[in-house]
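The lines below spell out each chain.
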Amino acid sequence: MANVKLIFKGSNHVPSSNLECLLNSKDDIFIKVYFDDDLDHESRFITLDIPTAVRLVKTLKTEIAKGKGGSNG
């Protein structure tokens, strides 16, 4: 298991927002959403098994393509 944590910063509209992703000890994808100034009790998270995470990625790609005016590319 790789020791990697990805943190995506929010858009220019809400730059203090963050989405953090990592692989937990049970090989689930752990996703945490929080603001820079939040205390730990203000964050929210979800864990996804690998097949569900793959489905999420495919869905995000589809929605991004729609937002760009394209197709399922």
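Before reading further, recall that the structure is shown in the block above.
Now for a quick tour of the structure. (Residues numbered from 1 in each chain as written. Predicted model: local features only at pLDDT ≥ 70, side-chain atom pairs only at ≥ 80, totals over all residues. Heavy atoms only, no water.)

**A short note on a nonpolar patch on the surface**
- On the surface, Val4, Leu6, Phe8, Leu19 and Val33 cluster together into a nonpolar patch covering about 420 Å² of accessible area.
- For Val4, the position within the fold is in the segment before strand E1 (5–9). (Patch = residues over 30% accessible without salt bridge, like charges linked within 9 Å, V, L, I, M, F, W, Y side chains within 5 Å. Areas by Shrake-Rupley, 256 points an atom, 1.4 Å probe, with all protein chains shown as cover. Salt bridge = Lys/Arg side-chain N within 4 Å of Asp/Glu carboxyl O. Helix = DSSP H or I, 4+ residues; strand = E, 2+ residues; numbered from the N terminus.)

**Focus: the side chain of Ser43**
- Its location among the elements puts Ser43 in the loop between strand E3 (29–35) and strand E4 (44–48).
- Beyond its immediate chain neighbours, meaning those up to four positions away, Ser43 contacts Lys32, Val33, Tyr34 and Asp38. (Contact = heavy atoms within 4.5 Å.)

**A closer look at the packing of aromatic side chains**
- Applying the stated criterion to the full structure yields one aromatic pair.
- Cation over ring: Lys32 sits above Tyr34, and NZ or CZ is 5.1 Å from the ring centre. (Phe/Tyr/Trp six-rings, centres within 6.5 Å; stacked < 30°, edge-to-face > 60°. Lys NZ or Arg CZ within 6 Å of the ring centre and 35° of its normal.)

**Observations concerning unusual backbone geometry**
- Positive phi is not limited to glycine here, since Asp27 has a value of about 60°.
- Mapping Asp27 onto the fold places it in the loop between strand E2 (17–23) and E3.
- The partly exposed category is assigned to Asp27, whose relative accessible area is 43%. (Buried < 20%, exposed > 50% of the residue type's maximum accessible area, 1.4 Å probe, protein only.)

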